[in-house]
Amino acid sequence: MQIRNEHREQGLIIGIDVGGTHTDAVLLKDRRLCRKVKIETRTDHLVSSLLEAADQILTGEDIARVDRITVSTTLSTNAIIQHKINRVGMVISTGPGLAPSQLPHFDNLYALSGYMNHRGIEAAPLKSRELEEIMRDFEHKDILLAGVVGKFSCRNPQHEIQIRDTLEKRVNHISLGHQMSGQLNFPRRLATTYLNAATWPLHCRFIRELNQFITNRGITAPVYILKADGGTFNLAASASFPVQAILSGPAASVMGTLNIVTPNEDAVVLDIGGTTTDIALFAEGVPLLEFLGVTLGGYKTLIRGLRTRSIGIGGDSVVALSNGRPIIGPERKGPAAALGGPVPTPTDAMVVSGRLNIGCREAAVAAMRTLAEPLGCTVPAAAETIFNLTCELIADAVKDTIEEINRRPVYTIHEMLECKTLIPKAVYVVGGPAGMMASDIGKCLGCPAHVPEHAEVANAIGAALARTTAEVTVLADTERGTLTFGEEGLQTAISPRFTREEAIAAARERLQAKALSLGADPDDLTVEITEDQVFPMVRDFYSTGKNIRIKAQIKPGLLFRLEEGGPV
Amino acid sequence: MTGSIKKTGLIFFPAFDWAISPTHPEREERLLYTQDQVFEEGLLDFDNIVEYKPGIATTADINRTHICVPDARAVVTDSHLISAGGAIKAAQVVLDGHVDNAFALVRPPGHHAMKIVHGARGFCNVNIEAMMIDYIRSRYGPKRIAVVDTDCHHGDGTQDIFWHDPHTLCISIHQDGRTLYPGTGFHQELGGPNALGTTINIPLPPGTSDAGFLHALDYGILPILADFKPDVIINSAGQDNHYTDPITNMRFTAQGYAILNDKLAPDIAVLEGGYSIEKALPYVNVGIILAMAGLDYSHVREPDYDAAALKQTPDIDRFVEKSTEAAYQLWKERHALRRKLVGQNRSMTRRKHIYYDTDGISEGQEETVLICEDCGGMVTIDSEADTGRHIFAVMVPYLACPRCRHAGEKAFDQADRRRFSTVYFQDKDRDSFQVK
């Protein structure tokens, strides 16, 4: 696919990441970074920052040559964290199991008595009387958004669909649980569906504003939104699933780093900021995803997302002493002392030791002295101690993260004996102090460290280069004669002789169609089978069928790799 | 719910790529729907429920517990080593203090595997709880351990392994042996002469429901445990008492299992049998996990649950009451019974015939134990199977007295190598194993 691209006329590609502090934009031309823009984000109106960055990056360019634009924004993320989201009526069917008191709490919750069992067989039907009551209450409370979630709905979506058909006329939007993910986890499905419905109005407004802008500027190129899994989907598709776009910021940086990661290699990516350091991992060159989904604002979700861990250590972390030993972070009390901050920080240690030349060296020395005296050493020695400790703590957190992944349970003898483990061969460091700390962190981890070119706009590069991702979950139950596409809400009849190969083919076909509808490049539809299990079904000592479980994905990756060079 | 929130370790190993044979109940699919239900309930997202990866047991772990013929590697597959490794992991996380209790939701099961292993019986090759118990003692020192076997089938393997061990209390409640495999587990099976009363059986009639099981718990098991004062309580948690189980005849429910585990409060639970893989296991396992973690299990119910249809008859009430009372009386009178049984004997011998139904092997055994006031007593076993293998095993018990140790070493030394295909020496006290 890369070879084919080289023959194709390369247009302009734009990537924009609207972060909490900065909005970054890049313009790619002929596989090279052609221009980069960094502006401060207007937190009161994120869209205006986005449009301003877009205008700046497009200045003097031929609009007609723009091939694609990908946008990553913290709009929904912020709204969720700040609880500025809309009221949602949650209609749920729980069936037996966990007590309702243990489920995530929602203000407007309506529980139904009908439910499906674990095989997707209706155990109790829906009652129309219950639905009518809900309709009345919606009207009474003026609820205009709804989330409908059934236990095991990804095994059989019929109840959710039936409820939607009834409620549709009454509300502006309904999010259905089974469409969120093919994964089993009812509490997470509830949270995901709720957030999707709750952010829907906000996202619709965003789409409207963005569409207005591209129309005004005469842009005809497709516009994509970056998702938490480091993949993209087009604006139209995003309208139904706004929640997939949360936490795309960290994903953007990781995808930007992927540009220089050696293919097929295990690696670590560190994004060292002022307050925190984000840790991400690549397994055989592919960014690791969260097993079930990302967590945001206290909500555990089923949103596919890159697995990132954040620790409270950054360049501006407070350095204090506890029982005569230095402690770093997790707080930040302002910039480094060298830049007028109130307390010593790792950045000051780097200034004192000559690794970094910014701000007022005297102020940094004075700050370090407050540590050197109680530590009973010289100021340079204290700076060295603090610097080394910072690198070690970050490296330790990386080791913990790797260990946690390697400890993940497996459920087959084959995997248990094969015992595949993640062993990073390189560490890639981005963020402010990257250049100063990379090699020391690499030493602690026992592998070479690299600082990518244009690291300060890795997020925008990641957005620009990310490919469209998609996933499907297929369950064939030949005893019942059903083939279910979990998140598609689709169930078809199959013969008792239906095979694993046919299930894989069905998954492949469905996935490719889905990816195309989300805006994927028809030349870039490499399907990866991520789960492939066949269970002979035995009832009373007789074989009665097969339970075939297939998951397929188009994994996160880049449209192409950027050539080196570009503006400094 | 009686207790407060507890931190519970879950060792889940469904062995999705292993079956005894293509249509055997002990098959790949067995824990599939349990996994689905546990995942869908989101149980692993609870802060107080932590999942651990099983370890892989070693042949040393097997030889600490069993005498395998011809050797450990020959009688197990990798699946057994992981299943036993899962049980051992459960013990580790509890005894190391990482969690308050743990549930090894693993397969294949083990409670029909006896001391001597010529092959597989009752779907079991090696006894995973027994290996776990011996592991606990080898690693964590002397512990009084109680095993409560709540599988529908008599836990005859566990009973056999700890028959002479006064430090291990084995209580089994099960469907009456006259009506179900393995046909044992009657009141009068009380343990060997040095450990009389630390084996207790409470047979229950077919048709016993929640009320019956909980009666046996309240009036038999719990009072006996209160007397024995174990350091560690283990639930050998079979799930085949369920009213939908295809190979048994009881009427126990998911609610009943949850209440039982709540009241019993085991430190460690290990899955045993249970073959109603769709209608029972998903609900029973969710119930047990919630109960162990101290979470509300009152909403765990099978879709087809019908309290009226599952009520036990008055006849069964009376049978259960009598059976429980008989077991409790035997426990109370154990010291007097022991004096009567031992009399002036210096050693005692029992002869057993064992059939390995899964592998179709027949074995004859002669087991001799030294009468001892100070320890479990040195044991020798002469065992011959229709595979043509004839072995002799000498076993020195955990916390052996000098006399029994000396007698054991002498017996191993003097055993005639030419008469037997192998002669074994298992020293639980020094955790060593030799063959000649």
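Keep in mind that this is a model prediction, so the values were computed, not measured. (Residues numbered from 1 in each chain as written. Chains lettered and ligands numbered in written order. Predicted model: local features only at pLDDT ≥ 70, side-chain atom pairs only at ≥ 80, totals over all residues. Heavy atoms only, no water.)

When helices and strands are tallied, chain A shows 16 helices and 27 strands. In terms of overall dimensions, chain A is globule-like: its C-alpha atoms have a radius of gyration of 26 Å, near the 24 Å expected for 568 residues. Along the longest, intermediate and shortest principal axes, the C-alpha atoms of chain A span 75 × 55 × 55 Å. Burial statistics for chain A: of 568 residues in total, 58% are counted as buried. Taking contacts inside chain A between residues at least 6 apart in sequence as the whole, the part at least 24 apart equals 66%. Put simply, chain A shows about 23100 Å² of open surface, and 50% of that area lies on carbon and sulfur atoms. (Helix = DSSP H or I, 4+ residues; strand = E, 2+ residues; numbered from the N terminus. Rg over C-alpha atoms; globule rule 2.2 N^0.38 Å. Buried < 20%, exposed > 50% of the residue type's maximum accessible area, 1.4 Å probe, protein only. Contact = heavy atoms within 4.5 Å. Areas by Shrake-Rupley, 256 points an atom, 1.4 Å probe, with all protein chains shown as cover.)

Another point: the overall build of chain B. Regarding its fold elements, chain B presents 12 helices and 16 strands. At 21 Å, chain B has a C-alpha radius of gyration in line with the 22 Å of a compact globule built from 436 residues. Taking the principal axes of the C-alpha coordinates as reference, chain B spans close to 60 × 45 × 40 Å. When the 436 residues of chain B are sorted by exposure, 67% land in the buried category. Counting contacts in chain B only where the partners sit at least 6 residues apart, residues at least 24 apart contribute 73% of the total. Split by element, the accessible area of chain B, about 14700 Å² in all, is 50% carbon and sulfur.

What the rule picks out here adds up to 59 salt bridges over all chains. As a salt-bridge pair, A:Arg309 and A:Glu290 come within 3.2 Å of each other at their nearest N and O atoms. With A:Arg309 in strand E18 (residues 308–311) and A:Glu290 in the loop between strand E15 (286–287) and strand E16 (295–296), this residue pair connects regions lying 19 residues apart in the sequence. By relative accessible area, which is 25% here, A:Arg309 ends up partly exposed. B:Arg350 serves as the salt-bridge partner of B:Asp160, at 3.2 Å between the closest nitrogen and oxygen. In this pair, B:Asp160 sits in helix H6 (residues 156–161) while B:Arg350 sits in strand E11 (residues 347–356), placing the two residues 190 residues apart along the sequence. On the basis of relative accessibility, which here comes to 22%, the residue B:Arg350 falls in the partly exposed class. (Salt bridge = Lys/Arg side-chain N within 4 Å of Asp/Glu carboxyl O.)

Our next topic: the interface of chain B and chain A. With 48 residues of chain B at the interface, the matching set in chain A holds 48 residues. Buried surface at the junction of chain B and chain A, both sides included, amounts to about 4000 Å², of which 58% is carbon and sulfur. Taken as a group, B:Glu40, B:Asp45 and B:Lys53 account for 19% of the area that chain B buries against chain A, more than any other trio of residues on that side. On inspection of chain B and its partner chain A, the count reaches 8 salt bridges. With a closest N to O distance of 2.6 Å, A:Arg188 and B:Asp45 form a salt bridge. In this assembly, chain B and chain A are joined by 24 residue pairs in polar contact (both at pLDDT 80 or more). Mapped by element, the contributors of at least two residues to the side of chain B that touches chain A are strand E1 (8–13), helix H1 (32–41), strand E2 (49–52), helix H4 (78–95) and helix H9 (281–292) of chain B. Among the elements that line the side of chain B that touches chain A, the one with the most residues is H1(B), at 8 residues. (Buried area = accessible area lost by both parts, 1.4 Å probe. Polar contact = N/O pair within 3.5 Å; in protein donor to acceptor, adjacent residues only side chain to side chain.)

Time to look at the sheet that holds strand E15 (residues 422–427) of chain B. Residue and element names in this part refer to chain B. Spatially, 6 strands are ordered E11-E12-E13-E14-E15-E16 in an open sheet, and the strand pairing comes out mixed. Sheet topology places E11 and strand E16 (432–435) at the edges, where each strand pairs with a single neighbour. Strand-to-strand twist of the sheet, defined as the mean angle between neighbouring strand axes without regard to direction, takes the value 15°. Looking at chain direction, strand E12 (residues 361–370) and strand E13 (residues 379–385) are connected through 7 bridges and run antiparallel. Note that in E13 the partner of glutamine 365 across the bridge is serine 383. Sitting on the sheet, helix H12 (residues 402–414) touches E12, E13, strand E14 (390–396), E15 and E16, and the angle it makes with E14 is about 155°. (Pairing = 2+ DSSP bridges. Axes fitted to C-alpha atoms, helices over the stretch in contact; angles between N-to-C directions.)

A cis geometry characterises the amide bond from A:Gly329 onward to A:Pro330, with omega recorded as -5°. Residue B:Pro108 is bonded to the preceding B:Arg107 through a cis peptide linkage, with omega at 0°. With respect to the helices and strands, the residue B:Pro108 is situated in the loop between strand E4 (101–106) and strand E5 (116–117). One non-glycine residue, B:Ala15, lies in positive phi territory at about 45°. By secondary structure assignment, the location of B:Ala15 is in the loop between E1 and H1.

Moving on to the confidence of the model for chain A. Caution applies to low-pLDDT parts of the model: their predicted coordinates are not meant to be read in detail. Put simply, chain A has an average pLDDT of 93, and 98% of its residues get 70 or more. Note that residues 1–8 of chain A has pLDDT below 50 and, in this model, 14 contacts with residues that lie over four places away or in other chains. (pLDDT = per-residue confidence, 0-100.)

On to the pairing of strand E4 (residues 66–73) of chain A, then. Residues and elements named next belong to chain A. The element E4 is largely enclosed, with a buried count of 7 among its 8 residues. Direction of pairing for strand E1 (residues 12–18) relative to E4: parallel, over a ladder of 7 bridges. Within E4, the residue paired with leucine 12 across the bridge is valine 66. Pairing of E4 with strand E11 (residues 223–226), which is carried by 3 bridges, proceeds in the parallel orientation. Along E11, the bridge assignment pairs threonine 70 with tyrosine 224.

Moving on, we come to helix H11 (residues 334–342) of chain B. In an α-helix, one full turn covers 3.6 residues, which means residues spaced three or four apart are oriented alike. Residue and element names in this part refer to chain B. Looking only at H11, the buried set comprises Arg334, Arg338 and Val342. Buried residues in H11, looked at end-on, bunch into an arc of 60°, giving them a common side. Every exposed residue of H11 that faces more than 90 degrees away from the buried side is listed here: Arg339 and Lys340. Contact partners of the buried residues in H11: helix H10 (314–332) and E11. (Arc of directions from axis to C-beta.)

Moving on to the packing of helix H11 (residues 361–375) of chain A against helix H12 (residues 379–406) of chain A. Residue and element names in this part refer to chain A. The N-to-C vectors of H11 and H12 enclose an angle of 90°; their axes lie 8 Å apart at closest approach. In terms of their interaxial angle, H11 and H12 are classed as roughly perpendicular. Of H12, the residues touching H11 (which contributes Val365, Met368, Arg369, Leu371, Ala372 and Leu375) are Val379, Ala382, Ala383 and Ile386. Residues of the contact of H11 with H12, tallied by class, amount to 9 nonpolar, no polar and 1 charged. (Parallel < 35°, antiparallel > 145°, perpendicular 65-115°, else oblique. Nonpolar A, V, L, I, M, F, W, Y, C, P; charged D, E, K, R; others polar.)

Now for the environment of B:Asp149. All names here are of chain B. Tracing the backbone shows aspartate 149 in strand E6 (residues 145–149). What makes aspartate 149 buried here is its relative accessible area of 3%. Sequence spacing of aspartate 149 and alanine 269 is 120 residues, and the spatial spacing of their C-alpha atoms is 9.8 Å. Residue contacts for aspartate 149: discarding those within four places in its chain leaves His111, Gly155, Ile171, Ser172, Ile173 and Ser236.

Turning to helix H9 (residues 248–258) of chain A, a few remarks are in order. Among the 11 residues of H9(A), 10 are classified as buried, and the element is accordingly described as predominantly covered. Every buried residue of H9(A) is listed here: A:Ser248, A:Gly249, A:Ala251, A:Ala252, A:Ser253, A:Val254, A:Met255, A:Gly256, A:Thr257 and A:Leu258.

A word on the state of the cysteines. Applying the stated criterion to the full structure yields 0 disulfides over all chains. Not part of a disulfide, A:Cys447 finds its nearest cysteine sulfur in A:Cys444, a span of 10 Å. Judged by its relative accessible area of 9%, A:Cys447 is buried. As a non-bridged cysteine, B:Cys372 has B:Cys401 as the owner of its nearest cysteine sulfur, 3.5 Å distant. Take B:Cys372: its relative accessible area is 4%, and that puts it in the buried class. (Disulfide = S-S within 2.5 Å.)

All names here are of chain A. Read across the sheet, 5 strands follow the order E25-E24-E23-E27-E26 without closing on themselves; strand pairing throughout is antiparallel. Either end of the sheet is taken by a strand with one partner, and the two such strands are strand E25 (490–493) and strand E26 (528–539). Shown here is a sheet whose adjacent strand axes are inclined to one another by a mean of 15°, direction ignored. Relative to E25, strand E24 (residues 482–485) is paired through 4 bridges, and the arrangement is antiparallel. Note on E25: the bridge partner recorded for threonine 482 is alanine 493. Lying over the sheet, helix H16 (residues 500–517) contacts strand E23 (470–477), E24, E25, E26 and strand E27 (542–554), oriented at roughly 150° with respect to E23.

Now for the side chain of A:Ser248. All names here are of chain A. One can find serine 248 in helix H9. At 3.5 Å, the side chain of serine 248 forms a polar contact with the backbone oxygen of alanine 245. Among residues more than four places away in sequence, those in contact with serine 248 are Ser72, Thr73, Leu226, Lys227 and Ala228.

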